[in-house]
Amino acid sequence: MTAFDVIIYHNPACGTSRNVLGLIRNAGIEPHVVEYLKTPPTRALLEILCARSGLNIRDILRKKAPPYAELGLDNPAVSDDDIFAAIAKHPVLIERPIVVSPKGVRLCRPADKVLEILPPQRGEFFDESGERKVDEKGRPVASA
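Residues numbered from 1 in each chain as written. Predicted model: local features only at pLDDT ≥ 70, side-chain atom pairs only at ≥ 80, totals over all residues. Heavy atoms only, no water.

### So, the pattern of salt bridges
Following the criterion strictly, the structure yields 13 salt bridges and no others. With a shortest N-O distance of 2.5 Å, glutamate 128 and arginine 18 are connected by a salt bridge. Pair noted here: glutamate 128 is in the loop between strand S5 (125-126) and strand S6 (132-134) and arginine 18 is in helix H1 (residues 15-26), with a separation of 110 residues, a long-range link. Owing to a relative accessible area of 47%, glutamate 128 belongs among the partly exposed residues under this scheme. Given a relative accessible area of 33%, arginine 18 falls into the partly exposed group. One salt-bridge network, in which partners are shared between bridges, spans Arg43, Glu47 and Asp81. (Salt bridge = Lys/Arg side-chain N within 4 Å of Asp/Glu carboxyl O. Helix = DSSP H or I, 4+ residues; strand = E, 2+ residues; numbered from the N terminus. Buried < 20%, exposed > 50% of the residue type's maximum accessible area, 1.4 Å probe, protein only.)

Dropping the structure here:
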C-alpha cells in the first residue's frame, strides 16, 4: 500500500481507461485496479462515488453502450432506481474510468482529468495515440 492510495474502475478494452492508468503510474502510483465489468460496484458504492464526484447517476451513464438506448435510459421519466437496476444487470452502462484518490473522485473523460487528483507526474507521458500529455518536467501539456 502506498502513501497515496488510488482506485481505478477500469475497462482494459477502453483506450481512455488505459491512458488514465498510464497517467496514474506516471505519478509513481500502482493503483488498485477494479475491472468493473468483472466486479461491478454495488448501488451503495455507486451512490458514494457519485456524491464524492459531485455527479448524479445519469452523469456516469455510458450513453454509447447498447443497453442505454435499448432500455430507453435517455427518457427523463426513468427513475434513479430503474437506472441503478439497469446498471446492476448491465455494468457496461457505467462510463469509465472512475478514479478515487485522497484528493477526490473523478470521471476521467478526457483522460487528463485524472491529473486534478494525482500528485505531480514524474516525467514525460504520451497517450496511446502518441499525443504528448505531460512534458519531461511532469507538467501537463495543453491540447491544441
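Read on for the rest.
### Some words on the sheet that holds strand S4 (residues 104-107)
Spatially, four strands are ordered S2-S1-S3-S4 in an open sheet, and the strand pairing comes out mixed. Because the sheet does not close on itself, it has two edges, and the strands there are strand S2 (32-35) and S4. Across this sheet, the average inter-strand angle for adjacent strands is 15°, counted without regard to direction. Of the pairings in the sheet, the one linking strand S3 (residues 98-101) to S4 comprises four bridges and is antiparallel in character. The residue of S4 that forms the bridge with valine 99 is arginine 106. Running at roughly 165° to strand S1 (residues 7-10), H1 makes contact with S1, S2 and S3 of the sheet. (Pairing = 2+ DSSP bridges. Axes fitted to C-alpha atoms, helices over the stretch in contact; angles between N-to-C directions. Contact = heavy atoms within 4.5 Å.)

### Observations regarding unusual backbone geometry
In the segment running from arginine 96 into proline 97, the intervening peptide bond is cis, with an omega of -5°. Mapping proline 97 onto the fold places it in the loop between helix H4 (80-89) and S3. Here the bond from arginine 109 into proline 110 is cis, since omega is 5°, no more than 30 degrees from zero. Residue position: proline 110 is located in the loop between S4 and S5.

### Some details on H1
Between its terminal C-alpha atoms H1 stretches 16 Å, which fits the 16 Å expected from twelve residues at 1.5 Å a residue. Regarding H1, the residues found buried are Ser17, Asn19, Val20, Leu21, Leu23, Ile24 and Asn26. The secondary structure elements touched by the buried residues of H1 are S1, S2, S3, S5 and S6. Count one or two residues on from H1 and you reach glycine 28, which has phi positive near 85°. (Expected span 1.5 Å × (residues − 1).)

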